[in-house]
Amino acid sequence: EADIYQTPRYLVIGTGKKITLECSQTMGHDKMYWYQQDPGMELHLIHYSYGVNSTEKGDLSSESTVSRIRTEHFPLTLESARPSHTSQYLCASSAGGRNGELFFGEGSRLTVL
Amino acid sequence: SQKIEQNSEALNIQEGKTATLTCNYTNYSPAYLQWYRQDPGRGPVFLLLIRENEKEKRKERLKVTFDTTLKQSLFHITASQPADSATYLCALFNDMRFGAGTRLTVKP
């Protein structure tokens with residue numbers, strides 16, 4: 001079982017609210033990723049980090065921001081949530097190495113009313 | 001820019017048959033392709049990685065092949081079971097982008 005945790009699992013909020021989705025891993029992985037996935041649809045890479053103080057935007061302009069102040073923690077923040085942000089957000093980490101296996105969290109399902 | 005595609009959105013097969021899923025990619029060499037399984041409402045789970053210089057990889061009932069000429073990987077599940085029903089995703093290890101996935105349904 002992978003040691004990567006996301007909170008909250010479910011969140012329903014109103015438009016305009018600021019939210020932070022938390023992601024923590026205890027495996028000491030340098031690489032961490034955020035993906036956005038609508039039900040039955042493909043995964044879109046929105047942010048990634050290769051280590052502390054390193055963050056990059058992915059393909060999807062999700063209007064979110066991330067930070068990587070500690071190796072184990074990679075929170076994602078939406079300053080002003082909109083209904084178009086309604087989706088599932090999946091966090092993943094990887095040690096790199098020979099397989100580069102990604103370990104995923106259980107996801108945070110966000111609904112913006 | 002790179003691209004990774006899974007041509008079939010859905011695949012339905014009978015229990016006991018072999019399921020074959022396809023993943024095509026462009027613009028990376030060498031390419032390393034990963035395969036994941038995703039169940040509804042859950043995060044993907046890593047299954048196998050195959051490198052461009054490897055023709056084939058096996059793990060239990062799973063087999064992955066690589067054709068560098070076609071820039072294609074095939075993912076096979078032999079002796080399929082209803083419990084194999086899930087969405088299967090391929091990803092480019094080079095940049096961790098995923099294909100759209102193929103939803104496999106194995107009927108008893």
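Rules and cut-offs
Residues numbered from 1 in each chain as written. Chains lettered and ligands numbered in written order. Predicted model: local features only at pLDDT ≥ 70, side-chain atom pairs only at ≥ 80, totals over all residues. Heavy atoms only, no water. Helix = DSSP H or I, 4+ residues; strand = E, 2+ residues; numbered from the N terminus. Buried < 20%, exposed > 50% of the residue type's maximum accessible area, 1.4 Å probe, protein only. Contact = heavy atoms within 4.5 Å. Areas by Shrake-Rupley, 256 points an atom, 1.4 Å probe, with all protein chains shown as cover. Lys, Arg positive; Asp, Glu negative; His and termini not counted. Charge placed at Lys NZ, Arg CZ, Asp CG, Glu CD. Buried area = accessible area lost by both parts, 1.4 Å probe. Salt bridge = Lys/Arg side-chain N within 4 Å of Asp/Glu carboxyl O. Polar contact = N/O pair within 3.5 Å; in protein donor to acceptor, adjacent residues only side chain to side chain. Core = buried A, V, L, I, M, F, W, Y, C linked by side-chain atoms within 4.5 Å. Phe/Tyr/Trp six-rings, centres within 6.5 Å; stacked < 30°, edge-to-face > 60°. Lys NZ or Arg CZ within 6 Å of the ring centre and 35° of its normal.

What am I meant to see in the overall build of chain A here?
Regarding its fold elements, chain A presents 0 helices and 11 strands. Starting at the N terminus and ending at the C terminus, chain A contains elements arranged as β-β-β-β-β-β-β-β-β-β-β. With the C-alpha coordinates of chain A rotated into their principal frame, the extents come out at 40 × 30 × 25 Å. A total of 113 residues make up chain A; the buried ones form 44% of that total. Partitioning the contacts of chain A with sequence separation of at least 6, the portion at a separation of at least 24 is 52%. Carbon and sulfur atoms form 50% of the exposed surface of chain A, whose accessible area is close to 5600 Å². Charge centroids of chain A, computed over 10 positive and 13 negative side chains, lie 4 Å from each other.

Teacher, can you tell me more about the interface of chain B and chain A here?
It is common to give the size of an interface as the accessible area that goes away when the parts come together. With 18 residues of chain B in contact, the opposing surface of chain A contributes 20 residues. For the pair chain B and chain A, the two sides together bury roughly 1600 Å², of which 47% comes from carbon and sulfur. Interface area lost by chain B to chain A is led by Met96(B), Arg97(B) and Phe98(B), which between them contribute 29%. Where chain B touches chain A, the interface holds 2 salt bridges. Among the salt bridges present, the one from Glu106(A) reaches Arg42(B), with a minimum N-O distance of 2.8 Å. Our enumeration of links across chain B and chain A arrives at 6 residue pairs in polar contact (both at pLDDT 80 or more). Sorting the residues of the side of chain B that touches chain A by element identifies strand E4 (32–38), strand E5 (45–51) and strand E10 (97–98) of chain B as the ones contributing at least two each.

Got a minute to help me understand the pattern of salt bridges in this structure?
In a structure, side chains of opposite charge can pair up when their charged atoms sit close to one another. Going through the model one piece at a time under the given rule, you end up with 11 salt bridges over all chains. In the salt-bridge network here, residues are joined through shared partners; they are Arg51(B), Glu54(B) and Lys57(B).

How do you make sense of the nonpolar core when you look at a structure like this?
The tendency in soluble globular proteins is for nonpolar side chains to be buried side by side. All names here are of chain B. Among the nonpolar cores identified, the biggest contains 23 residues, and Leu 33, Trp 35, Phe 75, Ile 77, Tyr 88 and Leu 104 are the most heavily contacted of them. Elements with a minimum of two residues in this core: strand E3 (19–26), E4, E5, strand E7 (62–67), strand E8 (72–77), strand E9 (86–92) and strand E11 (102–107). Beyond its immediate stretch of four places on either side in the chain, Phe 75 contacts Ala 19, Thr 20, Leu 21, Trp 35, Leu 47, Leu 62, Lys 63, Val 64 and Tyr 88.

What is the right way to read the packing of aromatic side chains from this model?
Given two aromatic rings, their pairing is described by the distance between the two centres and the angle made by the two planes. All told, the structure shown has 13 aromatic pairs over all chains when counted by the stated rule. When the centroid spacing of 5.3 Å and the interplanar angle of 45° are considered together, the rings of Tyr48(A) and Tyr50(A) count as tilted. With 5.5 Å between their ring centres and 10° between their planes, Tyr32(B) and Phe93(B) make a pair best called stacked. Here Tyr32(B) is found in strand E4, whereas its partner Phe93(B) is found in the loop between E9 and E10, with 61 residues between them in sequence. Here a set of aromatic residues connected by ring pairs shows up, and it is made of Tyr33(A), Tyr35(A), Tyr48(A), Tyr50(A), Phe104(A), Tyr36(B), Phe46(B) and Phe98(B). Residue placement shows Arg68(A) over the ring face of Phe74(A); its charged tip is 5.9 Å from the ring centre. Across from the ring centre of Tyr32(B), 5.6 Å away, lies the NZ or CZ of Arg51(B), which sits over that ring.

In short, the description is geometric, and any link to function would need to be established separately.
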